[in-house]
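This is what each chain is made of:
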Amino acid sequence: MGQPFGSYQNEIYFDGLRGVRPRFPMSHGELEARALAVLPESVRDYVAGGAGDERTQRANVAAFERWGLYPRMFVGAARRDLSVDVFGMALPAPLFMAPIGVIGLCAQDGHGDLATARAAARTGVPMVASTFSVDPMEAVAAETGPAPVLFQLYTPTDRDLAGSLVERAEKAGFKAIVVTLDAWLTGWRPRDLRTGNLPQLRGHCLANYTSDPVFRAGLERTPEEDPQAAALRWSELFGNPLTWDDLSWLRSITTLPLIVKGLCHPEDVRRARDGGVDGVYCSNHGGRQADGGLPALDALPGVVEAADGLPVLFDSGVRTGADVVKALALGATAVGIGRPYAYGLAVGGTDGIVHVLRSVLAEADLLMAVDGYPTLADLTPEALRRIG
Ligand code: FNR
């Protein structure tokens, strides 16, 4: 192990001795407020908003407050080990960046996918690159350095196009395919409806389509000549309401680890497992897709049990290092950060994302030290107690 993640605070305190304060906010609330103040209205609403009254979105966050960690003493947790092997990837910590389409637009230079990839390279925290991207997946993968990068697939209705996207991801060096199941159409999002804004329909973040030979072959004029026609074609091909009958086909189109995102019900997990997936990803899309749902954290224990040893990725509502530790204790193999890194990007580009990731990791590490859980194996449901 190199420097423990918690050493980030020493850097900050020693800077403080020289009168230097951190460039970026130290709490999620302040980070969010600063990001929302700098993002253009349409991007701000798209990123911060969710489905319906956004109750699920808030419930995702609130769910973490209903669990408390028991501190354990006389453990001597002077050294912590957060490293984990998952899908053949040796990770420094069980943390990854969840796929965020339009992350490209959160950067001031409009190339947020590349900025995110660079943050992955600097921290070793893997990026899950969305199908929706300002820059093509090959360019994104090229910026991730030694950090693993996973490709998130929105399965188009055209199987040849799906196959082409996956083949490109394999060639570009992506380490796994994450198929998102809960967003084959857009949930009811009042904030975006208010301004009539669906970024993709306006031609944003479609580089993986417009650079794809199969997609291009289906157009009369090139996307460069007629971007509007390309966006319309995208809207025709985008949403594939997959059924269980499609799983064997999905399994067949890649030799990479196949992970399915959006599972919350144990029965779905069992069927996916039987269908040959390599991992499940418990998430409710951060409450962006369906309001009135369970907080994703409350679904996690059932997913872990049904996964029966398969790796379980988790996201939705994770804001702090303490949240990461709680999700790990409830059985997640690795935990996804979503909106917070988008806010870090908005506030400070790659440096801003690196700050967010280092802060989350530092808090998790220090918490494991203080509370006496030096390894991931120590983090079990017995470390937690339900509050209220
Ligand atoms: C997302 N999410 C998402 N998921 C996915 O599989 N593909 C995608 O392209 C996107 N795009 C996207 C855009 C924006 C603006 C957000 C905020 C989220 C969902 C994402 O991967 C993750 O599930 C949520 O972000 C988790 O919720 P919190 O923790 O960010 O609230």
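For the structure given in this document, a descriptive report is provided here.

Conventions adopted
All residue numbers refer to positions counted from 1 along the written sequence of the respective chain. For this predicted model, a pLDDT threshold of at least 70 governs which residues receive local features, and a threshold of 80 or more governs which side-chain atom pairs are given and counted, while totals over whole chains, interfaces and linings are taken from all residues. With hydrogens and water set aside, each side-chain value is computed from the structure's full complement of heavy atoms. As a rule, the C-alpha atoms of each element are fitted with a line to give its axis, helices using only the stretch in contact, and angles between N-to-C directions run from 0 to 180 degrees. The way it works is that DSSP assigns letters per residue, a run of H or I at least four long becomes a helix, a run of E at least two long becomes a strand, and they are numbered from the N terminus. Working rule for angles: under 35 degrees goes down as roughly parallel, over 145 as roughly antiparallel, 65 to 115 as roughly perpendicular, anything else as oblique. Contacts: residue pairs with any heavy atoms within 4.5 Å of one another. Only Asp, Glu, Lys and Arg are considered charged in this grouping, and only Ala, Val, Leu, Ile, Met, Phe, Trp, Tyr, Cys and Pro are considered nonpolar; every other residue, Gly among them, is considered polar. The definition of a nonpolar core used throughout is a set of buried Ala, Val, Leu, Ile, Met, Phe, Trp, Tyr and Cys residues joined through side-chain atoms within 4.5 Å. Type-normalised accessible area, obtained with a 1.4 Å probe on protein chains alone, sets the label of each residue: buried when under 20%, exposed when over 50%, and partly exposed for intermediate values. In short, DSSP must find at least two bridges between two strands for them to pair. Orienting the strands away from the viewer, one traces the path from the first strand over the helix to the second; a clockwise path indicates a right-handed crossover. Any residue with at least one heavy atom within 4 Å of a molecule or strand is counted as near it. Any N or O atom pair separated by 3.5 Å or less is treated as a polar contact, with the protein-specific requirement of one donor-capable and one acceptor-capable atom, and with residues adjacent in sequence counted only for side-chain atom pairs. Note on areas: these come from Shrake-Rupley sampling with a 1.4 Å probe, and a residue is covered only by the protein chains present in the view. Points on a 1 Å grid over protein atoms alone make up a cavity when a 1.4 Å probe fits among them but cannot get out, and a pocket when they form an open set with protein on both sides within 12 Å along at least five of seven lines; lining residues each have an atom within 4 Å of a point. Grid points are joined across faces, edges and corners, and a volume is the space filled by probe spheres set on the points.

**So, the packing of helix 1 (residues 8–17) against helix 17 (residues 339–371)**
The interhelical angle for the contact between helix 1 and helix 17, taken along N-to-C directions, is 110°, at an axis separation of 9 Å. Relative to helix 17, the element helix 1 lies roughly perpendicular. Residues Tyr8, Gln9 and Glu11 of helix 1 form the contact with helix 17, whose own contacting residues are His355, Arg358, Ser359, Ala362 and Leu366. Residue classes in the contact of helix 1 with helix 17 are distributed as three nonpolar, three polar and two charged.

**Observations concerning the nonpolar core**
Within soluble globular proteins, side chains that are nonpolar tend to cluster in buried spots. Formed by 109 residues in total, the largest nonpolar core has its most connected members in Ile177, Tyr209, Val280, Leu297, Leu300 and Phe314. Per-element accounting of this core gives the leading share, 15 residues, to helix 17. With 15 residues, the next largest nonpolar core counts Phe87, Ala98, Val128 and Ala176 among its residues.

**Remarks on the pairing of strand 11 (residues 334–337)**
Burial along strand 11 is two-sided: Ala334 and Gly336 facing one way and Val335 and Ile337 facing the other are all buried. Inspection of the sheet shows strand 4 (residues 95–97) paired to strand 11 by three bridges, in the parallel sense. Bridging from a neighbouring strand, leucine 95 pairs with valine 335 of strand 11. Both strand 10 (residues 312–314) and strand 11 contribute to a ladder of two bridges, which runs parallel. Paired with phenylalanine 314 across the bridge in strand 11 is valine 335. Once the chain exits strand 10 it traverses helix 16 (residues 321–329) before rejoining the sheet at strand 11, and the crossover so formed is right-handed.

**Regarding the site of the ligand**
Around the ligand there are 22 residues in total, and Pro99, Ser130, Thr180, Arg319 and Arg339 lie nearest to it. In this structure, an oxygen atom belonging to the ligand sits 2.6 Å away from a side-chain N or O atom of threonine 180. One of the side-chain nitrogen or oxygen atoms of arginine 319 is found 2.7 Å away from an oxygen atom of the ligand. Protein chains bury 99% of the 600 Å² of accessible surface belonging to the ligand in isolation. Considered class by class, the residues forming the shell around the ligand number seven nonpolar, ten polar and five charged.

**Looking at empty space enclosed by the protein**
Tallied over the full model, the rule gives one cavity of 30 Å³ or more. Of the pockets and cavities examined, the largest cavity occupies roughly 60 Å³. Taken together, Val86, Phe87, Met89, Leu91, Phe96, Pro126, Val128, Leu150, Leu313 and Ala334 form the lining of the largest cavity. Broken down by class, the residue content of the lining of the largest cavity amounts to ten nonpolar, no polar and no charged.

**A word on the pairing of strand 7 (residues 177–180)**
Here strand 7 shows no split at all, with Ile177 and Val179 on one side and Val178 and Thr180 on the other all buried. Across three bridges, strand 6 (residues 149–153) lies against strand 7 in parallel orientation. Across the sheet, the residue bridging to leucine 153 is valine 179, located in strand 7. In terms of handedness, the path from strand 6 via helix 8 (residues 159–172) over to strand 7 forms a crossover that is right-handed. Bridge count between strand 7 and strand 8 (residues 258–261): four bridges; the pairing is parallel. When the sheet's bridge partners are listed, valine 179 is paired in strand 8 with valine 260.

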